[in-house]
Amino acid sequence: MDKQDGRSAGESGGVRLDDPWYDALASGWGELDGTAEAAAEWGGGQSPPPVSVPEEERSSPHDEIYLAVQRSVAFQEVRRRYRRFVLPGTAVFLAWYLAYVIAATAAPGFMAHRVAGALNVAMLAGLGQFATTFLLTWAYARHARLRRDSAALDIRWETQELTGGNVR
């Protein structure tokens, strides 16, 4: 595999096969339904065959490693940052949604009040629901990128090093 997306293998931005986020099966290679043979005919590369390790050898050390990672301060910090954003965000959005539904059923006169032309309070609040959804999605992605992704990737790298890679 000397080129990927028009870049040579040594250039930055190319796919690294040791990348812990890279999943050969998710990318379509190595499937048992014949897609791997079809991809090979088109010049695609094959992923290395999975390493077969007996279950008793694999589960005990890996379980200990994952439990240690789960108990680690770095992992707890990532989870804490996640919860500190998601729980209040969910509560605020549900309150806003329930307020819209309750206002629509309990105060139809208020919701029918015209704001401008044919635009009434109910239509503005309904459009506000869509706007809030997009705003919350953007805020979540930004929060994840700035506050959690690098720490989570560091944890994943450490876990991959401790477990010896992707053993299935």
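Structure: above.
Residues numbered from 1 in each chain as written. Predicted model: local features only at pLDDT ≥ 70, side-chain atom pairs only at ≥ 80, totals over all residues. Heavy atoms only, no water.

Some words on the overall build of the protein
Each helix and strand counted, the protein has five helices and four strands in total. Sequence-ordered secondary structure for the protein, helices as α and strands as β, is β-β-α-α-α-α-β-β-α. Residues classed as buried in the protein amount to 15% of the 168 residues present. When contacts within the protein are restricted to residue pairs at least 6 apart in sequence, those whose partners lie at least 24 apart make up 57%. Carbon together with sulfur atoms contributes 62% to the accessible area of the protein, which is approximately 12,300 Å² in total. (Helix = DSSP H or I, 4+ residues; strand = E, 2+ residues; numbered from the N terminus. Buried < 20%, exposed > 50% of the residue type's maximum accessible area, 1.4 Å probe, protein only. Contact = heavy atoms within 4.5 Å. Areas by Shrake-Rupley, 256 points an atom, 1.4 Å probe, with all protein chains shown as cover.)

Things to note about the packing of aromatic side chains
Counted under the stated rule, the structure contains one aromatic pair. Ring geometry for F85 versus Y140: centroids 5.9 Å apart, planes at 50 degrees, classification tilted. Here F85 is found in helix α3 (residues 73-106), whereas its partner Y140 is found in helix α5 (residues 121-163), with 55 residues between them in sequence. (Phe/Tyr/Trp six-rings, centres within 6.5 Å; stacked < 30°, edge-to-face > 60°.)

Quick look at the packing of α3 against α5
Across the interface, α3 lies against α5 with an axial gap of 10 Å and an inter-helix angle of 175 degrees. In terms of axis orientation, α3 runs roughly antiparallel to α5. Of the residues belonging to the contact of α3 with α5, the class tally is 18 nonpolar, seven polar and three charged. (Axes fitted to C-alpha atoms, helices over the stretch in contact; angles between N-to-C directions. Parallel < 35°, antiparallel > 145°, perpendicular 65-115°, else oblique. Nonpolar A, V, L, I, M, F, W, Y, C, P; charged D, E, K, R; others polar.)

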